[in-house]
Every structure is written in C-alpha cells, then in structure tokens.
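Now for the letters of each chain:
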Amino acid sequence: MTTEASAETRIDVPVRLLHPQARHPHYAHPGDAGADLSAVAELTLAPGERALVPTGIALAIPLGWVGLVHPRSGLAAKHGITIVNAPGTVDAGYRGEILVNLLNTDPSNSITISPGDRIAQIVFQEVARADFTEVDSLPETARGDTGHGSTGGFPAPTQAG
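Computed from a predicted structure; not experimentally measured.

Enquirer: What is the right way to read the sheet that holds strand β10 (residues 118-126) from this model?
Expert: Neighbouring strands of a sheet are bound in pairs by backbone hydrogen bonds; such pairs are parallel or else antiparallel. Read across the sheet, four strands follow the order β2-β10-β5-β7 without closing on themselves; strand pairing throughout is antiparallel. The open sheet has two edge strands with one neighbour each: β2 (35-38) and β7 (88-90). Averaged over all neighbouring strand pairs, the angle between strand axes comes to 35 degrees, with direction disregarded. Bridge count for strand β5 (residues 65-70) against β10 is six bridges, and the pairing is antiparallel. Across the sheet, glycine 67 pairs through a bridge with phenylalanine 124, a residue of β10.

Enquirer: It is not clear to me how the nonpolar core should be interpreted in this structure. Could you clarify?
Expert: In summary, soluble globular proteins display a tendency toward joint burial of nonpolar side chains. One finds Leu37, Val69, Val100, Leu102 and Ile119 to be the most contacted residues of the largest nonpolar core, which totals 28 residues. Mapped onto this core, the elements with two or more residues apiece are β2, β3 (43-45), β4 (50-59), β5, β6 (81-83), β8 (97-104), β9 (111-113) and β10. The leading source of residues in this core is β4, at four residues.

Enquirer: Whenever I open this one, the UniProt feature "binding site: substrate" (unreviewed entry) in the chain confuses me. Can you help?
Expert: Here the UniProt feature "binding site: substrate" (unreviewed entry) sits at Arg72, Ser73, Gly74, Asn85, Thr89, Val90 and Asp91. Taken together, the annotated residues stretch across 20 residues and extend over separate regions, lying up to 26.0 Å apart by C-alpha. Within the element layout of this structure, arginine 72 appears in the loop between β5 and α1 (73-79). You can call arginine 72 buried: its relative accessible area is 18%. Discounting residues that sit within four places of it in the chain, arginine 72 has contacts with Asp36, Arg118, Ile119, Ala120 and Gln121. Following the sequence through the fold, serine 73 ends up in helix α1. Judged by relative accessible area, which is 60%, serine 73 ranks as exposed.

The rules behind these values
- Residues numbered from 1 in each chain as written.
- Predicted model: local features only at pLDDT ≥ 70, side-chain atom pairs only at ≥ 80, totals over all residues.
- Heavy atoms only, no water.
- Pairing = 2+ DSSP bridges.
- Helix = DSSP H or I, 4+ residues; strand = E, 2+ residues; numbered from the N terminus.
- Axes fitted to C-alpha atoms, helices over the stretch in contact; angles between N-to-C directions.
- Core = buried A, V, L, I, M, F, W, Y, C linked by side-chain atoms within 4.5 Å.
- Buried < 20%, exposed > 50% of the residue type's maximum accessible area, 1.4 Å probe, protein only.
- UniProt positions renumbered as here; feature names shortened; annotations may be inferred.
- Contact = heavy atoms within 4.5 Å.

If you want it as structure tokens, here you go:
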C-alpha cells in the first residue's frame, strides 16, 4: 500500500527571468523534492573541465529558507556531470542569477550543454540559525570525537613497505 502525505509545506518563491530563454524551475513529478534548473547558454565541458553555467533566473527565497542546488542523477550516471560545490547554497538574501558550477568527471568524453537542458535541481529547506557560545568542554556522547570513517564501511588502505 502506498501512502502519500495529505499536506506538504509550500513557500512562495518569486522568480525573475533574466534571459529570453530562461525557464521557471519545474518539478517533473508530484512529490519531487527538487525542481529542475535549466541552462540558458551553450557550452562544451571537456573531460575534467568545470564551468559556471547560467540559468537566467534569480529567486527571492524567503527568510528562514535556503535553496540547495543538487546534481541531476541522470547527468551524473550517464555523463559523469556533477556540481563542484554540491549542494550549492542559495541564501535567502541573494538576488543574483543562479549559476551552477558543473564539472565533467568523465575521463574521456566531452559533453555539450544547450539552452533548455536541465542541468541541476534546487531543493528548498527550512534553516535554523545558531547562537554560538564558547565553552571549555562539550557534553560527552557515545561517539565522542571520532569521525572520518570511524563507523566502518571500507577498510583503510594498507601502507606499502
């Protein structure tokens, strides 16, 4: 049995089109978390090359929210295209054009991005701001200060001697 939430949180995000070929962010399917962002420029990314790709839009994200720009899974799986700073952060106060920092990780194939191509997706999340208080020590936890692979998974590489 499939259950769907009876209500979803919605926010109003004004969109300013900055380019004649700009497209509004678009959800491909009901219930999708990310709205697709499209390119307005044509460019070719050689293997290992990165570029800021313009979307031709600016957003007015409400205070208390952030837009997180994520890679599109299809571009990543089929062509090795990802976002250098994934997820990219679009703060509520930013009013400039959304640019997506694409990277071609394919070792041998270039890819051409054309106007209208869906290049990323933006997910909106509520944010909490922290008040930072300096202390001499932190409360103890079961995990403590272990990190960077401390929970297992892949073994550490062995040292060649």
